[in-house]
Amino acid sequence: MQHLMQAGYVIVGESWGARLRLSDPPDLSALHAAVVAATEQALLIQELDASWAPQVTALEALNHADYPCTPATEVPHRDESDVLEFWSSGCRLFGAIDDGQLVAVSVITRTTARAETEFTSVHPSYRRRGLAVAVKAASITALADDGVRIFGTGGAQVNTGSIRMNEHLGYAIEERWLSLTMPQ
């Protein structure tokens, strides 16, 4: 990288990857507390079935412009068929519901070695209330109950809210990637 920077390359984006490594047996008390904090706001935190696809799609459409877009962290526009594909591919979705309306969602995939978060999304008027932490904590506890002990996530360095949320859950950033562009 040093050689490229000296040659005039410019950093145009930075991304990160983080891991949460649970002990065996895991101490999930902090994760349970995050879910309880959301339910104390009169919100329901639960796993979602495919009937929620229209609301997940609408939430993603509402939030799409808020996702950072860098060369390494581009977020696709998701339509209802994309969202339904999450369920058919084995992903599990966890949501925060306020009076029948989905206000936060986290999507997680189990791989052979770990579980990986696909995305977490919160309605703009419900942000900074701990809902991203709550729905992601619900996904982690559910998969931990199934025996998963390593969890992965990642995102754009410019999304400091996402970094703080994941650190709150116990994730540690283990990898960083820089996107460079050639000199003009």
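Coordinates for the structure precede this section.
Residues numbered from 1 in each chain as written. Predicted model: local features only at pLDDT ≥ 70, side-chain atom pairs only at ≥ 80, totals over all residues. Heavy atoms only, no water.

1. A short note on the environment of Asp145
Now for step 1: Looking at the element boundaries, Asp145 is found in helix H5 (residues 131-145).
Now for step 2: For Asp145, a relative accessible area of 60% translates into the label exposed.
Now for step 3: When the C-alpha positions of Asp145 and Leu28 are compared, they lie 9.8 Å apart, and in sequence the two are 117 residues distant. (Helix = DSSP H or I, 4+ residues; strand = E, 2+ residues; numbered from the N terminus. Buried < 20%, exposed > 50% of the residue type's maximum accessible area, 1.4 Å probe, protein only.)

2. Concerning the pattern of salt bridges
Now for step 1: If you walk through the whole model with that rule in mind, you get eight salt bridges.
Now for step 2: Ionic pairing is found between Glu60 and Arg78, a salt bridge with its closest N-O pair at 2.2 Å. Of this pair, Glu60 sits in helix H3 (residues 53-63) while Arg78 is found in the loop between H3 and helix H4 (80-88), placing the two residues 18 residues apart along the sequence.
Now for step 3: The class for Glu60 is buried, based on a relative accessible area of 3%.
Now for step 4: Residue classification places Arg78 among the buried positions, given a relative accessible area of 16%.
Now for step 5: The network of salt bridges with shared partners includes Glu47, Arg92 and Asp146. (Salt bridge = Lys/Arg side-chain N within 4 Å of Asp/Glu carboxyl O.)

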